Structures are given as structure tokens and as C-alpha cells.
Amino acid sequence: MNDDHALPALIHDLVHAFQVLAMDGQGSGISGHLTARLPNARTFWSIPYGFGFEEATAEQLIESDFELRTVTGALPCNPTLNIHTEIYEARPEVCCILHTHSEASLALGIVGSNLEPVTQSGALFYEDIVLFDEFDGIVLDKKEGASIAARLGTNRAILLRNHGSVVVGESIADTAIAATVLEFAARVQLQAMAVGTPKKLPPAEARQTKAFLRRPDVVDLRWQLLVRQARRHNPHFTFERTFA
């Protein structure tokens, strides 16, 4: 946290991501989790326990350690964030994690189906998403979080049967974009499955599409659009934090 610009930039992007995902219907009440950390940090930032995505402001964010103890701020951390801490432990490159119970991703997992490359945008997850076909209740200890992290492996997303999805990324922008794409692609796949057998993209074309969608310039353009949309949606919102 010695970088004078890294933490303010993280706070700025994280608050925007909360608002973007709230607009996308992925807040999940008080059950949605979005966290971010500086590279290699053993603490992370999130909203306090009991707050919704749409309520996230820069001043409300708290910093917690991997034992889920608040180290910056006065309010408690969500006690079910063991999914996040175990993924952070296993994946040093990951700087942002989203766990949500959004409807389409949840429904896909419930029927035991993984996301397939049946849409151009969904190719973003080609060979990069897995299904966790277990449910052991609320994740209140590290053991269950470690199981999910192990199944996630090196992938960028996992569908949790009866429980929703987890998306990870090396940046907040990358994660937020991927989350909106996952929900859209899952919804379209479910609609296609309801009327027939979805036709998959050929492997070479799926990989080419994925490579284009992951280009840094494409990610940046998509993120800046989402930022503008969030600001138009909440023109009087506080997106910056005052640091002593």
C-alpha cells in the first residue's frame, strides 16, 4: 500500500464495479460478494456485511485480512468470504473476485450444465470455466472455500450448483466485464436450450474470439463505457475516497 496512486485507483474502480453490477441485477441482496486487493496484498477491500451493491460508496468500503477481521473501517466483514480468501491464497495473480447469485448463472448450475461457447460474447470463457457439482451449505469455514478454490484451478470462473457463480480477474475492470458477459451468455444459453440443441462455436473461432475480447484495449474501452453508464445512473454518487 505504499503506492500513493494504487489504493485510490482500486477504490475508484471497485465502487464503480459495485454500481455496474447492481445495474446488471447481480447484487443478490446482502448475499453478493465483490472484493479487490492490491497485487500480492494479504488484505482486501469490500462493502461491510449487510450492505447491498447499490449502497457501496468510496467512504463505506472496509479493508479486511484473510481471517475476515476488519483492519480499515469500523463495520464487520461478511463472514462468508472464505471463498475469496482461499482463492486469493491459491491465485497470487488474482486481484478481484465476484461471487453472486444472479439468476441465469444460478439456473445453469442448478441443471448441472456448464457454460458452453454458443454465443460470441460467451466465448470469453472458452476453456476457462468449470462446474462445481457440490453444495455443502453456507461457506462459513475455510474448508469449503478451499474446495471451491481447488475446483476453480487456473480458470477464471466457476458455476456453483444451487449457489451461483464466482468470477476472478487480474483487475476490477476485467472481473466486472466478465461477470456481465457470463450472466448474458448463461441467459441466452438457457433460452436456446429451452427450444432446441444449441450449436457451439468451432474451437478455432472460439479461441480467436476469446483472444480479441481479452485484448487490453478492448477491455479498457468496455470498462470506460461501464464507468460512464454508472456515473449517468448515479450522477450524485461518491466514487472517490479521502485519504489522510
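None of the values given here were measured: they were computed from a predicted structure. Counting starts from 1 at the beginning of each chain's written sequence and moves along it residue by residue. Local features in a predicted model are, by the rule used here, given only for residues with pLDDT of at least 70; side-chain atom pairs are given and counted only at 80 or more, and totals for whole chains, interfaces and linings are based on all residues. To obtain the side-chain values, all non-hydrogen atoms of the structure were used and water was disregarded.

A. Region of interest: the overall build of the chain. When its secondary structure is counted, the chain shows seven helices and eight strands. Taking the principal axes of the C-alpha coordinates as reference, the chain spans close to 55 × 40 × 30 Å. Relative accessibility thresholds used throughout: buried, under 20% of the residue-type maximum; exposed, over 50%; partly exposed, between the two (1.4 Å probe, protein chains only). The proportion of buried residues among the 244 residues of the chain is 52%. Here, residues are in contact when the closest pair of their heavy atoms is within 4.5 Å. For the chain, the share of sequence-separated contacts (at least 6 apart) that also reach a separation of at least 24 residues comes to 70%. In these tables, accessible area is a Shrake-Rupley quantity obtained with a 1.4 Å probe, and a residue counts as shielded only by the protein chains included in the view. Taken as a whole, the chain presents about 11,300 Å² of accessible surface, with 54% of it coming from carbon and sulfur. Only four residue types enter the charge count: Lys and Arg as positive, Asp and Glu as negative, with His and the chain ends excluded. Think of each charge as sitting on NZ of Lys, CZ of Arg, CG of Asp or CD of Glu. Here the chain contributes 21 positive and 29 negative side-chain charges, whose respective centroids are spaced 5 Å apart. For the purposes of this entry, the term helix denotes a DSSP run of H or I that reaches at least four residues, the term strand denotes a run of E that reaches at least two, and both are numbered from the N terminus.

B. Seen up close, the packing of aromatic side chains. Only rings of Phe, Tyr and Trp enter the pairing, Trp through its six-membered ring, and a pair is recorded when the two centres are within 6.5 Å. The plane angle decides the type: under 30 degrees is stacked, over 60 is edge-to-face, the rest tilted. Per the stated rule, a full pass over the model turns up four aromatic pairs. Judged by centre distance (5.0 Å) and plane angle (80 degrees), the rings of F18 and F53 are edge-to-face. Linking F18 in helix α1 (residues 6–23) with F53 in the loop between β2 (43–46) and β3 (62–65), this pair joins segments that are 35 residues apart in sequence. What makes F18 buried here is its relative accessible area of 0%. Its relative accessible area of 0% is what places F53 among the buried residues. Here a set of aromatic residues connected by ring pairs shows up, and it is made of F44, F66 and Y88. Over a ring means this: the NZ of a Lys or the CZ of an Arg is within 6 Å of the ring centre and within 35 degrees of the ring normal. Across from the ring centre of F125, 5.7 Å away, lies the NZ or CZ of R156, which sits over that ring.

C. Inspection of the pattern of salt bridges at higher detail. Put simply, a salt bridge is a Lys or Arg side-chain nitrogen that is within 4 Å of an Asp or Glu carboxyl oxygen. Under the definition given, this model contains eleven salt bridges. The partner of R207 in a salt bridge is E127, and the shortest N-O contact between them spans 2.8 Å. Of the two residues, R207 is situated in helix α6 (residues 203–213) and E127 in the loop between α3 (103–110) and β6 (129–132); the sequence distance between them amounts to 80 residues. With relative accessibility at 42%, the residue R207 sits in the partly exposed group. By relative accessible area, E127 is classed as exposed at 53%. Overlapping salt bridges, with partners in common, bring together D128, R156, D174, K210 and R214 in one network.

D. Summary view of the side chain of S46. You can see S46 is positioned in strand β2. Given a relative accessible area of 2%, S46 falls into the buried group.

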